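A look at the structure
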Amino acid sequence: MKITVTGAAGYIGSHACLSLLDAGHDVHGLDNFSRSFPRTVAALERVGRDHFHFTQVELCDPRAAEAALQSRPPEIVLHFAALAVVPESVASPQLYWRNNVEGTASLLTAMEGVHADKLIFSSSCATYGEPAAALMPIAETCPQHPTHPYGRSKLACEQLVDHWVRCGSPDRGAVILRYFNVAGGDRLGRLGEDHEPETHLFPNCLRAAAGRLAELVVHGGDFPTPDGTCVRDYVHVEDLVDAHLEAIKVMPSRSATTLNVGTGHGASVLEVLKACEAAAGRPIPFRLDARRAGDPPTLVCDPRKILSTTSWRPTRSSLDSIARSAWMWIQSRG
């Protein structure tokens, strides 16, 4: 297939490109490098050779977005491009509205211009906000009450995609995937989590193990969880990408299907820390700090819908597997 991937130089988008290339697809990557790096594109070009093409483009510019799609009209678009740092979204909500929501609107307009009717949209469990304990694990039917601008921007994009599908041609369809916590890297060490600054738990654990951080800061040790630290549902980035490949197979017509992507199992911060210590073969220095505002004690996915409607299974998402692949990436960067 001819597949366009937005945010192709970002963490999840680049891993999606890698898997699509490994599967023999022709991939056109789009990115503006606002939060990503040309070195990631170079890695994809080494893998893809004649099957990977890249365009640097600002999606919020409708003309530029349409020109990029016109250059290589896609059969399907995987839309990953977004800003996703919660504290930043609180400080600069207008930035998140413009980049995430206006960027998505611009992309949909560009897709209309090239008669591209199929979309897989990268959404987030952040759209659920802070569900009550009685609603755990979180199913797709859980009320969506996001508590910060990032989550609200993703919910607005979901609604926009849904309206776009319903008002268009009968061939239009979309799958909206709500991710839980994504971690890990390519099993061959070709790509990994590459953010500056880094805000995610697994890479920061392993940066501390490698001596690149003085210590890991654990935000909150007094939550109502077994060890007092937050519990989250972690899914390996390669499993997440596989969910997109499976979503292509169940693409609906004239509607948008929503699927949670997670394992259904939660792990605490200290459990992740132990898995990272095992992967690195050394202790990781850490200290407990105060809770961060808006951190729910527990967020765990109910994956029954994706398990029943697709062949997807999270086969690589044990803490040990995630930690080993993330450590391989940390080591490969010297």
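Rules behind the numbers
Residues numbered from 1 in each chain as written. Predicted model: local features only at pLDDT ≥ 70, side-chain atom pairs only at ≥ 80, totals over all residues. Heavy atoms only, no water. Core = buried A, V, L, I, M, F, W, Y, C linked by side-chain atoms within 4.5 Å. Buried < 20%, exposed > 50% of the residue type's maximum accessible area, 1.4 Å probe, protein only. Helix = DSSP H or I, 4+ residues; strand = E, 2+ residues; numbered from the N terminus. Contact = heavy atoms within 4.5 Å. Pairing = 2+ DSSP bridges. Salt bridge = Lys/Arg side-chain N within 4 Å of Asp/Glu carboxyl O. 1 Å grid on protein atoms, 1.4 Å probe; cavity = no way out; pocket = protein on both sides within 12 Å on 5 of 7 lines; lining within 4 Å. Points joined across faces, edges and corners; volume = space filled by probe spheres on them. Nonpolar A, V, L, I, M, F, W, Y, C, P; charged D, E, K, R; others polar. Axes fitted to C-alpha atoms, helices over the stretch in contact; angles between N-to-C directions. Parallel < 35°, antiparallel > 145°, perpendicular 65-115°, else oblique. Left-handed = near helix turned anticlockwise from the far one by under 90°. Polar contact = N/O pair within 3.5 Å; in protein donor to acceptor, adjacent residues only side chain to side chain.

Re the nonpolar core
Ranked by internal contacts, the top residues of the largest apolar core, which has 38 residues, are Val5, Ile12, Leu78, Ile120 and Val182. Within the residue set of this core, elements represented by two or more residues are β1 (2–6), α1 (11–22), α2 (38–48), β4 (76–79), β6 (173–179), α8 (237–249) and β11 (255–261). Examining the composition of this core, we find that seven residues originate from one element, α1, more than from any other. Ignoring any residue separated from it by four or fewer positions in sequence, one finds Val182 in contact with Tyr11, Ile12, Val235, Val237 and Leu240.

Comments concerning the pairing of β4
On any regular strand, side chains alternate: one points to one face of the sheet, the next to the other face. Of the two faces of β4, the one lined by Ile76 and Leu78 and the one lined by Val77 and His79 are each fully buried. Sheet topology places β1 next to β4; four bridges connect them, and they run parallel. Paired with Val5 across the strands is Leu78, a residue of β4. Direction of pairing for β4 relative to strand β5 (residues 118–124): parallel, over a ladder of three bridges. Following the sheet pairing, His79 is matched in β5 by Phe121.

Some words on the pattern of salt bridges
Enumeration according to the criterion identifies 19 salt bridges in this entry. In this structure, Arg35 engages Glu88 in a salt bridge whose closest nitrogen and oxygen atoms are separated by 2.6 Å. Residue Arg35 is found in the loop between β2 (26–31) and α2, and its partner Glu88 is found in helix α4 (residues 86–91); the two are separated by 53 residues along the sequence. Across the pair Arg304 and Asp302 runs a salt bridge, and its minimum N-O distance is 2.7 Å. By relative accessible area, Arg304 is classed as exposed at 62%. Residue Asp302 is classed as buried on the basis of its relative accessible area, which comes to 7%.

Considerations on the environment of His195
With respect to the secondary-structure elements, His195 resides in the loop between β7 (181–183) and α7 (201–209). Expressed as a C-alpha distance, the spacing of His195 and Tyr11, which sit 184 residues apart in the sequence, is 7.8 Å. Ignoring anything within four residues of it in the chain, the contact list for His195 reads Tyr11, His200 and Arg207.

Let's talk about empty space enclosed by the protein
Inspection of the entire model under this criterion finds one cavity of 30 Å³ or more. Sorting elements by how many residues they give to the lining of the largest cavity places helix α11 (residues 319–332) first, with three residues. Residue classes in the lining of the largest cavity are distributed as four nonpolar, three polar and one charged.

Here's the deal with the packing of helix α3 (residues 62–71) against helix α5 (residues 93–113)
Where α3 meets α5, the axes come as close as 8 Å, and the angle between the chain directions of the two elements is 45 degrees. The pairing of α3 with α5 is recorded here as oblique in orientation. In terms of crossing hand, the pair formed by α3 and α5 is right-handed. Mapping the contact onto sequence places Pro62, Ala65, Glu66, Leu69 and Gln70 in α3 and Ser106, Leu107, Ala110, Met111 and Gly113 in α5. In terms of residue class, the contact of α3 with α5 is built from six nonpolar, three polar and one charged.

Some thoughts on the side chain of Asp295
Mapped onto the fold, Asp295 is located in the loop between β13 (286–289) and β14 (298–299). Only 3.0 Å separates the side chain of Asp295 from the side chain of Arg292, close enough to count as a polar contact. With sequence-adjacent residues up to four places away left out, Asp295 is seen in contact with Phe223, Cys230 and Arg232.

Remember, this is a structural readout, not a statement about activity or role.
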